[in-house]
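Notes for the structure review
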Amino acid sequence: MTNTSSLPPKSGERLRVLLVEDSPQLRRSMVRALKSQFTVVEATDGKVAVDLVRDGAARGERFDVMVTDLEMPEMNGRDAIAEISKIAPQLAACTSVMT
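Report follows, based on the coordinates. (Residues numbered from 1 in each chain as written. Predicted model: local features only at pLDDT ≥ 70, side-chain atom pairs only at ≥ 80, totals over all residues. Heavy atoms only, no water.)

1. Comments concerning the side chain of Thr68
One can find Thr68 in strand 3 (residues 65–69). Look past the residues within four positions of Thr68 in its chain and what remains in contact with it is Val20, Gly77, Ile81, Thr95, Ser96, Val97 and Met98. (Helix = DSSP H or I, 4+ residues; strand = E, 2+ residues; numbered from the N terminus. Contact = heavy atoms within 4.5 Å.)

2. Observations regarding helix 3 (residues 77–87)
Listing the buried residues of helix 3 in full gives Gly77, Ala80, Ile81 and Ile84. An end-on view of helix 3 places all buried positions within 100° of arc, on one side of the element. Turned more than 90 degrees away from the buried face of helix 3, the exposed residues are Arg78 and Lys86. The secondary structure elements touched by the buried residues of helix 3 are helix 2 (46–58), strand 3, helix 4 (89–93) and strand 4 (95–98). Where helix 3 begins, the capping side chain belongs to Asn76, and its oxygen is found 3.0 Å from the backbone nitrogen of Arg78. (Buried < 20%, exposed > 50% of the residue type's maximum accessible area, 1.4 Å probe, protein only. Arc of directions from axis to C-beta. Polar contact = N/O pair within 3.5 Å; in protein donor to acceptor, adjacent residues only side chain to side chain.)

3. A few points about the environment of Ala93
Within the secondary structure, Ala93 sits in helix 4. Under the relative-accessibility criterion, Ala93 is labelled exposed at 64%.

4. Overview of the pattern of salt bridges
Overall, the coordinates contain seven salt bridges when judged by the stated rule. Here Glu61 ties to Arg59 by a salt bridge, and the two come within 3.0 Å at their closest N and O atoms. What makes Glu61 partly exposed here is its relative accessible area of 34%. Arg59 sits in the exposed class, given a relative accessible area of 55%. (Salt bridge = Lys/Arg side-chain N within 4 Å of Asp/Glu carboxyl O.)

5. Remarks on the sheet that holds strand 1 (residues 16–20)
Ordered in space as 2-1-3-4, the four strands form an open sheet in which the pairing is parallel. Edge positions in the open sheet fall to strand 2 (39–43) and strand 4, since each of these has one partner strand only. When the angles between neighbouring strand axes are averaged without regard to direction, this sheet yields 15°. For strand 1 and strand 2, the ladder comprises five bridges, and the chain directions are parallel. Within the sheet, the bridge partner assigned to Val17 lies in strand 2 and is Val40. Against the sheet, helix 1 (residues 24–34) contacts strand 1, strand 2, strand 3 and strand 4, and its axis sits at roughly 170° relative to strand 2. (Pairing = 2+ DSSP bridges. Axes fitted to C-alpha atoms, helices over the stretch in contact; angles between N-to-C directions.)

Written as structure tokens, this is what we have:
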């Protein structure tokens, strides 16, 4: 059995971006900028992001890239990256941090 969570997307498939941002206005702006070229999944803080990655991994789904804010309530970006690296190290390695 092949572990599809580590395979790149098939030709023609859009990259899945996990966008982690607590500011609704900034999150909406970023979704508008990204959605024409990527499949964007939103998380309102680091805890939600970790849950999305964990739940997706259990279903054999993956995110290709994560864009995260650092300062957020509940769980900040640094802690989220640390937790996600345990679940999906390839995603943690493909993370862009916003401040």
